Every structure is written in structure tokens, then in C-alpha cells.
Amino acid sequence: IFFAALSYLKYSDRFSFWEKHPRRKRLQKITFDEGTVEFIYDLGRVDYPGEKLLTMIKVRNFKGDRISTHHFVYTNVASKEECAEPECTRPFLVRVDIMEHEESDDYKSYFFEYDTSLKLPKRGSLQQDYLGYYNNNGINGTSSSQTIYKPRLYFYQNMGKNSVLPFMLNNNNTGQVITGQVSLVPNSYSLAGLLKKVVFPTGGASEFSYENNRFNFMGSDYVGGGARITEQKLTEGSATYKKMTYA
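Residues numbered from 1 in each chain as written. Predicted model: local features only at pLDDT ≥ 70, side-chain atom pairs only at ≥ 80, totals over all residues. Heavy atoms only, no water.

Moving on, we get to the pairing of strand β3 (residues 52-61). A regular strand places its side chains on the two faces of the sheet in alternate fashion. As paired strands, strand β2 (residues 35-44) and β3 are joined by 9 bridges and run antiparallel to one another. Residue pairing in the sheet places Phe39 in a bridge with Ile57 of β3. Here 5 bridges tie β3 to strand β4 (residues 66-78), and the two strands are oriented antiparallel to one another. Bridge pairing in β4 links Val59 to Ser68. Between the end of β3 and the start of β4, which pair antiparallel, lie 4 residues, with Gly64 showing a positive phi angle near 95°. (Pairing = 2+ DSSP bridges. Helix = DSSP H or I, 4+ residues; strand = E, 2+ residues; numbered from the N terminus.)

Right under this line is the structure:
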């Protein structure tokens, strides 16, 4: 799990910057014995100029009759830097409208709410832990920056493949800091932007609570990158009629 940190250290003196230019392909149609599923992309992406978001899925039977139509509605959320570049915006799915019958124009709508108490950084930000999750380490650079930012690592003598780590050990005070500007240590900032509530057409809702992943390493417990669900509540209005906890 520490490969990313070690690779960064190994190659940072050989490459001044890099950029991603992914080749994007979009699924347009699935044909099967019982009918078809068509995918329609009809909303320009603010975060990826020239690309479009999925706006509709049409399901038809083998006769061509409509079985259901799904409409997808988005909102654009600015990054914490509040800059104007495309990488400073992310689309969030906020509603899905489903029309289930050919003869009906009535929609059933599902609404999605997210944790916006912490804003995410712009895309490509170096404010990441060693697994790539947001950690608010204070570095303003991005993956395309020409400035070289070195990670802060920790050296432990005579520990073999675990001699260099991206975090400090809890049960070993012999470590030496390998100086760097970029902290790779995970923290609760990786919970930013997570889905917190789904509201159903019936008026009920499902609410989610999260915590950081944790892992045991050499007999001690550590915060890991990313999140896991700790609790799910099924609610209607102000009443909770089912609660599930996860350990």
C-alpha cells in the first residue's frame, strides 16, 4: 500500500510535471434478447470541456415499447479554491426521475444530498494521502505543476520493505523524517463530499453516516484513506423506523 509514496520519491527528480489526457469512451446502447437499453449524453460538462454527462437512459422491450425512462439531473459544485478553471468544478448527481410506463408521463423522483461541510480541492490537487484521498495537507500545487513537491516520509532502520513509510509509527520512536513538503498522512478530510441522504418518491429517506477506514500495521491501529459506513437510518419525516450500525 506504500508503493505510490515510494514511487513518487524515486521518480520526482526525473519528471518536473505530468498531465492526464484520458481517452474517453461512452457506452451508447445494450441490445439483448428482450430489448434494448439506450444511454444518452446531452449535457455539456463544465469540468471537462467537450465532454457530456449522462442525462437519460431508455429501456425498451423487443417490440420497441418503452419500459422505463430515467432522467439524471446534476448540479456543479465549486472546489474550495473557488477558481474559474474547469478542474475547479465537479458535477454531483442530485436527482433521478423515473417514468415507468409508455402511456404515463408521471415521474417518480429520487433526490440525493451530499456532505458539503468540507469542500473538495480542485481536480489534480496534491492534497492527497498515500492512497490518493483528500487530506488537506496545504500544498497548492497540482499534478501538472512544474514545481517539484517531495513527500514527507519516515525511515526506520532494519525494517526491510517497511523501512520507508508515509506515516509515523505509533509504537516505534526511532524513526527519522525524510524531509518533504507533502504530507501523505490520511485524515477525516477524506470524508468530504460523500453521499449522506437519498430521498425516495414515497417521502421516506435513507441517511448515511461514515468514518475513516482503519487498519492494523505491526500491532498498532492507524487511520487509513477513504471511508466506510458506520450507520444507515431509514426515516420518514422526523421519525426513524429502522437503524443499522456497522462495525
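In this section: the pattern of salt bridges. The full count for this structure, using the stated rule, is 7 salt bridges. The closest approach of N and O atoms between Arg95 and Asp97, which form a salt bridge, is 2.9 Å. Residue Arg228 pairs with Glu211 through a salt bridge whose shortest N-O separation is 2.8 Å. Here Glu211 lies in strand β12 (residues 204-217) and Arg228 lies in strand β13 (residues 220-236), a separation of 17 residues in the sequence. On the basis of relative accessible area, Arg228 is assigned to the partly exposed category, the value being 33%. With a relative accessible area of 31%, Glu211 lands in the partly exposed category. (Salt bridge = Lys/Arg side-chain N within 4 Å of Asp/Glu carboxyl O. Buried < 20%, exposed > 50% of the residue type's maximum accessible area, 1.4 Å probe, protein only.)

This part is about the pairing of β4. The sheet contact formed by β4 and strand β5 (residues 89-99) spans 10 bridges and is antiparallel. Across the sheet, residue Phe72 finds its bridge partner in β5, namely Val96.

One pass over the full model with this rule turns up 9 aromatic pairs. Seen in terms of ring centroids, Tyr130 and Phe167 are 5.9 Å apart; in terms of plane orientation they differ by 35°. Their pairing is tilted. Here the residue Tyr130 occupies a position in the loop between β6 (108-114) and β7 (151-155), and Phe167 occupies one in the loop between β8 (164-165) and β9 (176-178), the gap between them amounting to 37 residues. Take Tyr130: its relative accessible area is 4%, and that puts it in the buried class. Measuring from ring centre to ring centre gives 4.9 Å for Phe167 and Tyr222, while their planes differ by 50°; the resulting arrangement is tilted. (Phe/Tyr/Trp six-rings, centres within 6.5 Å; stacked < 30°, edge-to-face > 60°.)

All right, on to the sheet that holds β5 then. Taken together, 10 strands build an open sheet; the order of strands is β1-β2-β3-β4-β5-β6-β11-β12-β13-β14 and the sheet is antiparallel. A single partner strand is all that each edge strand has here, and the edge strands are β1 (29-32) and β14 (239-245). Sheet twist, expressed as the average angle between the axes of neighbouring strands with direction ignored, equals 20°. (Axes fitted to C-alpha atoms, helices over the stretch in contact; angles between N-to-C directions.)

Here the focus is the layout of surface pockets. Considered as a void within the structure, the second largest pocket measures approximately 260 Å³ in volume. Lining the second largest pocket are 14 residues, with Arg90, Leu120, Gly132, Tyr133 and Tyr134 sitting closest to its centre. (1 Å grid on protein atoms, 1.4 Å probe; cavity = no way out; pocket = protein on both sides within 12 Å on 5 of 7 lines; lining within 4 Å. Points joined across faces, edges and corners; volume = space filled by probe spheres on them.)

For the structure on display, the rule yields 1 disulfide. Each sulfur of the disulfide joining Cys83 and Cys88 lies 1.8 Å from the other. Here the disulfide of Cys83 and Cys88 is left-handed, its torsion about the S-S bond being about -95°. (Disulfide = S-S within 2.5 Å.)

Moving on, we come to the nonpolar core. By size, the foremost hydrophobic cluster in this structure holds 17 residues, and its most contacted members are Tyr156, Phe167, Leu169, Phe215, Phe217 and Tyr222. Listing elements by their share of this core, those giving two or more residues are β7, β8 and β12. Formed by 12 residues, the second largest nonpolar core is a distinct cluster that contains Val59, Phe72, Val96 and Phe208. (Core = buried A, V, L, I, M, F, W, Y, C linked by side-chain atoms within 4.5 Å.)

Moving on, we get to the environment of Tyr74. Within the secondary structure, Tyr74 sits in strand β4. Residue classification places Tyr74 among the partly exposed residues on the basis of a relative accessible area of 22%. Counting along the chain gives 21 residues from Tyr74 to Arg95, while the straight-line C-alpha distance between them is 6.9 Å. At 2.5 Å, the side chain of Tyr74 forms a polar contact with the backbone oxygen of Leu54. (Polar contact = N/O pair within 3.5 Å; in protein donor to acceptor, adjacent residues only side chain to side chain.)

Under the counting rule described, the total for this entry stands at 1 cavity of 30 Å³ or more. The volume enclosed by the largest cavity comes to roughly 120 Å³. In this structure, the largest cavity is lined by 14 residues; those nearest its centre are Val77, Phe92, Leu118, Lys119 and Leu120. Those elements giving two or more residues to the lining of the largest cavity turn out to be β4 and β5. Sorting elements by how many residues they give to the lining of the largest cavity places β5 first, with 3 residues. For the lining of the largest cavity, a count of residues per class yields 7 nonpolar, 4 polar and 3 charged. (Nonpolar A, V, L, I, M, F, W, Y, C, P; charged D, E, K, R; others polar.)

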